[in-house]
Amino acid sequence: MTQTAFLNLVLPFKDKMYRLAKRLLVSNEEAEDATQEILLKLWTNKIKIGGYKNTEAFAMTMTKNYCFDRLKSKQAQNLRIVHNNYKDETTALQKQIEQQDSLAWVEKLMQQLPSQQRLVMQLRDIEQYEFSDIAKVLEMKETAVRVNLSRARKTIREQLIKKHNYGIK
Amino acid sequence: MELNNIDKLIEKYLEAETSIVEEKELRSYFSSKNVAPHLEQYKYLFEYFIIAENETMPKTVSLKPRKNYYKWFTVAASFVLAFGFYTYNHVKPNTQEEEALLAYYQTKKALQLVSNNFNIGAQKVGYLNEFESTKNQIFKSNK
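Residues numbered from 1 in each chain as written. Chains lettered and ligands numbered in written order. Predicted model: local features only at pLDDT ≥ 70, side-chain atom pairs only at ≥ 80, totals over all residues. Heavy atoms only, no water.

Any chance you could explain the side chain of Asp125(A) here in plain terms?
By the element assignment, Asp125(A) lies in helix α5 (residues 115–126). Here Tyr13(B) takes part through its side chain, which lies 2.9 Å from a polar atom of the side chain of Asp125(A). Among all residues touching Asp125(A), those that are not within four sequence positions of it are Leu149(A), Arg153(A), Tyr13(B), Glu23(B), Arg27(B) and Phe49(B). (Helix = DSSP H or I, 4+ residues; strand = E, 2+ residues; numbered from the N terminus. Polar contact = N/O pair within 3.5 Å; in protein donor to acceptor, adjacent residues only side chain to side chain. Contact = heavy atoms within 4.5 Å.)

Help me out: how do you make sense of the interface of chain A and chain B in this one?
The interface is formed by 44 residues belonging to chain A together with 35 residues belonging to chain B. When chain A packs against chain B, close to 3800 Å² is buried across both sides, 58% of that on carbon and sulfur atoms. Summed over the three residues of chain A that lose the most area to chain B, namely Gln36(A), Gln128(A) and Arg153(A), the buried surface amounts to 16% of that side. Seen at the junction of chain A and chain B, the total is four salt bridges. Remark: the boundary between chain A and chain B carries 15 residue pairs in polar contact (both at pLDDT 80 or more). Elements that contribute at least two residues to the side of chain A that touches chain B include exactly α1 (3–25), α2 (28–44), α4 (93–112), α5 and α7 (142–164) of chain A. Among the elements that line the side of chain A that touches chain B, the one with the most residues is α7(A), at 10 residues. Looking at the side of chain A that touches chain B residue by residue, the class counts come to 18 nonpolar, 10 polar and 16 charged. (Buried area = accessible area lost by both parts, 1.4 Å probe. Salt bridge = Lys/Arg side-chain N within 4 Å of Asp/Glu carboxyl O. Nonpolar A, V, L, I, M, F, W, Y, C, P; charged D, E, K, R; others polar.)

Where do I start with the confidence of the model for chain B in this structure?
Residue and element names in this part refer to chain B. Mean pLDDT over chain B works out to 84, with 92% of the residues at or above the 70 mark. Here helix α3 (residues 40–53) stands out as the least confident element of chain B, with mean pLDDT 85; helix α2 (residues 20–30) is the most confident, with 89. In the model output, the complex is listed with pTM 0.65 alongside ipTM 0.75. (pLDDT = per-residue confidence, 0-100.)

Any chance you could explain a nonpolar patch on the surface here in plain terms?
Residue and element names in this part refer to chain B. Nonpolar side chains collect at one region of the surface, where Tyr69, Trp72, Val75 and Phe79 lie side by side and expose about 510 Å² of accessible area between them. Mapped onto the fold, Trp72 is located in helix α4 (residues 70–142). Residue Trp72 is classed as exposed on the basis of its relative accessible area, which comes to 54%. (Patch = residues over 30% accessible without salt bridge, like charges linked within 9 Å, V, L, I, M, F, W, Y side chains within 5 Å. Areas by Shrake-Rupley, 256 points an atom, 1.4 Å probe, with all protein chains shown as cover. Buried < 20%, exposed > 50% of the residue type's maximum accessible area, 1.4 Å probe, protein only.)

Mind showing me how you'd approach the packing of aromatic side chains here?
One pair of aromatic rings is described through two measures. These are the centre distance and the angle between the planes. Overall, the coordinates contain nine aromatic pairs over all chains when judged by the stated rule. Joined through ring pairs, the aromatic side chains of Tyr13(B), Tyr29(B), Phe30(B), Tyr42(B), Phe46(B), Tyr48(B) and Phe49(B) make up one cluster. The lysine or arginine in question, Lys46(A), covers the ring of Trp43(A), its NZ or CZ lying 4.2 Å from the ring centre. Lying across the ring of Phe131(A), Arg124(A) places its NZ or CZ 4.1 Å from the centre. (Phe/Tyr/Trp six-rings, centres within 6.5 Å; stacked < 30°, edge-to-face > 60°. Lys NZ or Arg CZ within 6 Å of the ring centre and 35° of its normal.)

It is not clear to me how helix α6 (residues 131–138) of chain A should be interpreted in this structure. Could you clarify?
Structurally, the α-helix is built with 3.6 residues per turn, so residues lying three or four positions apart point the same way. Residues and elements named next belong to chain A. For α6, every residue scored as buried is listed here: Phe131, Ile134, Ala135, Val137 and Leu138. In a view along the axis of α6, the buried residues occupy a sector of 165°, so they form one face of it. Turning to α6, the residues buried within the fold contact α3 (55–72), α5 and α7. Immediately downstream of α6, the backbone of Glu139 shows phi near 55°, a positive value. (Arc of directions from axis to C-beta.)

Have a look at this one:
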């Protein structure tokens, strides 16, 4: 397998891996390193790539496992929390700040979920994976995925309503 | 889109029973301008999903393995360790030996000094012998 062929295979889901890693590791740099590391692992084992049923699901599982390993490692104390700057030039400044605040709030809410629920929500609501694929990536049963997702969505909704009604009720 | 329909979809969504198509429908509804006031809190959620989906990795991927200088740390550490063992086992006993030798010489010197002085003292005691013999002569002659 040539380098370009590998990159063409990998590029469609590279950003998905990055986003998944970032969901777990929070920091941009850590997520970049994780993605880089896993792609490198895939590249060094490129002979086996034909044997994988679903390279994307396999890579996502690797990302998940790698991130959990990173979080368990001693270096995890060095992980920094980095907030994203959402850019949206079309709206007025006041509105923009408000929106940015609300969107950062959603991200924070997701960060507070247990890691399993966070992963399910990331894969379903953001990456829009089918339940069967999520089950494959997370090595879980489909019913467990649904339960986790439902719990995550309900928790987020409760928090959002609380925030929305703050100062009103 | 019918509001009733959206309400139903939200219910299904919370139970995680919506399909991808239905979730896309929800997304497009909440990214539109006219969201019903009682659903406004969901707006941020779906807006966030869209923004989060479009996030990309800023760095490009390189397939060359990163040079890992950390592995040389182990080599350096083993050198330091070996050197430490060497000095512990060889240099430290040497200084002890030197110290012992020094102590030995100093003791010897001190003992020599003592014996010299003792000899001087003993010579002086020799006069007492003279006194004794003279006294013996006198007392013998008296008897």
